[in-house]
Amino acid sequence: MGRAMAVAAIPVGTSVASWSRACSTSSRWTRISSGDPKVPVLYQVERTRTGSSFSVRSVKAVQHGKPIFIFQASFQQAQPSPLQHQFSMPTVPPPEELLDSEALTDHYLRDPNLQKSYPVLLNKIAAQEMPIEIKPVNPPTLSQLQRMEPKQMFWVRAQGYIGEGDMKMHCCVAAYISDYAFLGTAMLPHQCQHKVHFMVSLDHSMWFHAPFRADHWMLYECESPWAGGSRGLVHGRLWRRDGVLAVTCAQEGVIRVKPRVSDSKL
């Protein structure tokens, strides 16, 4: 989903290319049906509105002649305003002091108390090629996995160098980043009793507040205020290292689970 979201945002940015200082103020993706990663996607862009301050573009992603999701983005010409405030960024260790995902996985695998089913899952995660770097903040111990709150934070950035470039490209990369492990936040209090049978995003919204570099470290703060009815809701904030709130995210998705069978023979 994250990759499709990022790609869908590219033609939208091109359609407002004449706005030299324009930046997307908000974006929303709504899933209609499952896509096929082996089949090309046709993106149909509609110029919904073009105004002097705000413009709106709509995109329909199509496979096999049927829409798989729709996307709408709003753009605004930069405007000064005396009305400004934001939350305070959480105080956390810098990314240089934290283990990356690979080192953290190796640490878990060396734990003699690791349940038999976990190494397969951890190795599967480690084998995935990720275009982003991730460093979890306060990663849980094995004992803490049994009583986690639906909250998590991690430092994240794109692999490689993107450069200053066009802000719209950094917004596209942030769309991909924002989908990583986001909906899974709703599973954190339940992962010892249940395992995911089916999990997919229903809709995903983003609000862009300030310029940022997606290839620089940003703190991703995620929390799930509610889950029920086979659905989960998550909120997220992407913070620049200097404490500026760059992006706010929200996502709702389907989460269907199965009871987790204990490894214990007792």
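Residues numbered from 1 in each chain as written. Predicted model: local features only at pLDDT ≥ 70, side-chain atom pairs only at ≥ 80, totals over all residues. Heavy atoms only, no water.

Colleague: Whenever I open this one, the overall build of the chain confuses me. Can you help?
Modeller: From N to C terminus, the chain includes 4 helices and 10 strands. Taken from the N to the C terminus, the helices and strands of the chain come in the order α-β-β-β-β-α-α-β-β-α-β-β-β-β. Scored against the burial criterion, the 266 residues of the chain give a buried share of 41%. Put simply, of all contacts in the chain between residues at least 6 apart along the chain, 72% involve residues at least 24 apart. With the model as given, the accessible surface of the chain reaches about 15300 Å², and the carbon-plus-sulfur share is 54%. (Helix = DSSP H or I, 4+ residues; strand = E, 2+ residues; numbered from the N terminus. Buried < 20%, exposed > 50% of the residue type's maximum accessible area, 1.4 Å probe, protein only. Contact = heavy atoms within 4.5 Å. Areas by Shrake-Rupley, 256 points an atom, 1.4 Å probe, with all protein chains shown as cover.)

Colleague: I keep staring at the nonpolar core and nothing clicks. Help me out?
Modeller: Buried together is how nonpolar side chains tend to be arranged in soluble globular proteins. By size, the foremost hydrophobic cluster in this structure holds 37 residues, and its most contacted members are Val-156, Met-206, Phe-212, Tyr-220 and Val-247. At 7 residues, helix α4 (residues 167-178) tops the list of elements feeding residues into this core. Residues in contact with Met-206, not counting those within four places in the same chain, are Thr-25, Ser-26, Ser-27, Trp-29, Ala-174, Ala-175, Ser-178, Val-247, Thr-248 and Cys-249. Counting 9 residues, the second-largest nonpolar core is a separate cluster that includes Met-89, Trp-217, Leu-219 and Leu-245. (Core = buried A, V, L, I, M, F, W, Y, C linked by side-chain atoms within 4.5 Å.)

Colleague: Just checking my understanding: could you explain α4 for this structure?
Modeller: Helical geometry: 3.6 residues make up each α-helical turn, so side chains three or four residues apart lie on a common side. Over its 12 residues, α4 runs 16 Å from end to end, which matches the ideal 16 Å to within 8%, given 1.5 Å per residue. Counting buried residues in α4 gives 11 out of 12 residues, a clear majority hidden from the surface. Residues Met-167, Lys-168, His-170, Cys-171, Cys-172, Val-173, Ala-174, Ala-175, Tyr-176, Ile-177 and Ser-178 constitute the buried set of α4. (Expected span 1.5 Å × (residues − 1).)

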